[in-house]
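Breakdown of the fold
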Amino acid sequence: MHGALETLAAGYRRDGYVFPFRAMSATEAAAHRARLEAVEREIGNDPARRKMLRRTANIVLDFVDAITRLPAITDRVAAILGEDLLVLDVSFFTKEAGSPNHVPWHQDLHYWGLEGEDEVTAWLALSPATPQSGCMRFKPGSHRQVVEHRDTSDEHNLLTRGQELAVEVDESDAVDVVLAPGEFSLHHGWAIHASAPNRSDDRRIGLAIRYISTGMMTTDNFPTTAMLVRGEDRHGNFTLAEPPSGVMTERDLARYAGIAGQREATILKGAKRG
Ligand SMILES: O=C(O)CCC(=O)C(=O)O
């Protein structure tokens, strides 16, 4: 591994996150945003299709699958997880201009039904992520502990179960993850993080890509599907998904419900919000 990637991996192990890195130019990020917004116009308010932007979007959107395979991202993820990479889930986290929607302090791995912690999220900005627009915030070094969570009924909480940490968080050392369009951060599944409402006059759009190493296992042997995006799968612990054939094609839509349904069932196990 060469020096910059070693520094990246050391920073990740120390703090539980590293940023910023460039995945693509601002022009390419704007083109992806335009593709997303064309899909949004096409699907309108159809709740089932809207949900596809929040859960395993890489199964039905070819341009999202292409982003998950970009060497500019996977080279950095491989420096942490090794060369054989699966994508477990991909979600757009969009906060409209002026929206009260937010993400409370939480740890990702709490409800994901995974054994081990060989999981890294790459969060790619498709619009400016700033304190004003509600960028993510991290607690440095917080990935070394597992903290209790509770479900809430807060309709503005963007997380699947409406969950949050069950303890007060001292925000005094929290770090703002400021990213320009086309830049991304990497974070550990136990890193404590949050994001505030969007007080800017633009949408805040992020794409969260959940990478795991092929050696990861699911708890309770959940039959979970994942997409191989780099290297080889020598373990066979996950059912491998087919890359998408376009933008919400009939073939991919027919496969989607089963794949996303497995993942929702895992995350929502025992949840108050269904
Ligand atoms: O987009 C956000 O503000 C939060 C995203 C998040 O919690 C995550 O990607 O794990």
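Details of the pattern of salt bridges
- Scanning the entire structure with this criterion turns up 21 salt bridges.
- Across the salt bridge formed by aspartate 89 and arginine 55, the nearest N and O atoms sit 3.0 Å from each other. Of this pair, aspartate 89 sits in strand β2 (residues 85-95) while arginine 55 sits in the loop between α3 (47-52) and α4 (62-68), and the two are 34 residues apart along the sequence. The same class applies to aspartate 89 and to arginine 55, which are both buried.

Thoughts on empty space enclosed by the protein
- Throughout the structure, instances matching the rule amount to four cavities of 30 Å³ or more.
- If you add up the space inside the largest cavity, you get close to 140 Å³.
- Contributing to the lining of the largest cavity are 14 residues, with Arg55, Trp112, Leu159, Thr160 and Arg210 lying nearest its centre.
- Sorting elements by how many residues they give to the lining of the largest cavity places β2 first, with three residues.
- Partitioned by chemical class, the residues of the lining of the largest cavity number four nonpolar, four polar and six charged.
- Taken as a whole, the second largest cavity holds about 100 Å³ of empty space.
- Along the walls of the second largest cavity sit 14 residues, with Phe93, Val103, Trp123, Met136 and His193 positioned nearest its centre.
- Counting only elements with at least two residues in the lining of the second largest cavity, the list comes to β3 (103-106), β11 (193-195) and β12 (204-213).
- Here the residues of the lining of the second largest cavity are counted per class, giving seven nonpolar, four polar and three charged.

Considerations on the layout of surface pockets
- Computed from the structure, the largest pocket encloses a volume of approximately 590 Å³.
- Along the wall of the largest pocket there are 22 residues; nearest its centre are Arg50, Lys51, Arg54, Phe92 and Leu158.
- For the lining of the largest pocket, the elements supplying multiple residues, two or more each, are α3, β2 and α6 (250-268).
- In terms of residue count, the dominant contributor to the lining of the largest pocket is β2 (three residues).
- Residues that form the lining of the largest pocket fall into these classes: six nonpolar, six polar and ten charged.

Overview of the site of the ligand
- Lining the immediate surroundings of the ligand are 13 residues, of which Trp123, His193, Ser195, Arg204 and Arg210 lie closest.
- The side chain of tryptophan 123 places a nitrogen or oxygen atom 3.0 Å from an oxygen atom of the ligand.
- Separating an oxygen atom of the ligand from a side-chain N or O atom of histidine 193 is a distance of 2.9 Å.
- Mapping the ligand onto the cavity grids shows that it belongs to the second largest cavity.
- Elements that contribute at least two residues to the shell around the ligand include exactly β2, β3, β11 and β12.
- If one sorts the elements of the shell around the ligand by residue count, β12 sits on top with three residues.
- Of the residues belonging to the shell around the ligand, the class tally is five nonpolar, four polar and four charged.

Some remarks on the sheet that holds strand β5 (residues 119-125)
- Pairing is mixed across the open sheet formed by seven strands, whose spatial order is β1-β10-β5-β12-β2-β14-β15. Two strands lie at the open edges of the sheet, namely β1 (17-22) and β15 (239-240), each paired on one side alone.
- Relative to strand β10 (residues 183-188), β5 runs antiparallel, the two sharing five bridges. Across the sheet, residue threonine 121 finds its bridge partner in β10, namely histidine 187.
- Along the sheet, helix α1 (residues 3-15) contacts β1, β5 and β10; its crossing angle with β1, the most-contacted strand, is approximately 145°.
- The sheet contacts of helix α5 (residues 71-81) involve β1, β2, β5, β10, β12 and β14 (225-230), and relative to β12 the element is tilted by about 45°.

Thresholds applied
Residue numbering note: each chain is counted from 1, following its sequence as written. This being a predicted model, a pLDDT of at least 70 is required before a residue's local features are given, and a value of 80 or more before pairs of side-chain atoms are given or counted; all residues contribute to the totals for chains, interfaces and linings. Based on all heavy atoms of the structure, the side-chain values leave hydrogens and waters out of the count. Salt-bridge detection follows one rule: a side-chain nitrogen of Lys or Arg within 4 Å of a carboxyl oxygen of Asp or Glu. Numbering of helices and strands runs from the N terminus, with a helix taken as a DSSP run of H or I at least four residues long and a strand as a DSSP run of E at least two residues long. Using a 1.4 Å probe on the protein chains alone, a residue whose accessible area is under 20% of its type maximum counts as buried, one over 50% counts as exposed, and one in between counts as partly exposed. Computed over the protein atoms alone on a 1 Å grid, cavities are sets of points where a 1.4 Å probe fits but cannot get out and pockets are open sets with protein on both sides within 12 Å along at least five of seven lines; a residue lines them when it has an atom within 4 Å of a point. Grid points are joined across faces, edges and corners, and a volume is the space filled by probe spheres set on the points. Ten residues, namely Ala, Val, Leu, Ile, Met, Phe, Trp, Tyr, Cys and Pro, are considered nonpolar, four, namely Asp, Glu, Lys and Arg, are considered charged, and the remaining ones, Gly among them, are considered polar. Distances are taken per atom, and a residue is near a molecule or strand as soon as one of its heavy atoms is within 4 Å of it. Contacts described as polar in this section are N or O atom pairs within 3.5 Å, which, within protein, must combine one atom able to donate a hydrogen with one able to accept it, while residues neighboring in sequence count only if both atoms come from side chains. Each molecule is checked against the cavity or pocket grid, and it sits inside if more than half of its atoms lie within 2 Å of the grid points. Strand pairing follows a simple DSSP-based rule, namely that at least 2 bridges must link the two strands. Contact between two residues is taken to exist if any of their heavy atoms lie within 4.5 Å; hydrogens are not considered. Every axis in this analysis is a line fitted to C-alpha atoms, fitted for helices over the stretch in contact. Angles between the N-to-C directions lie between 0 and 180 degrees.

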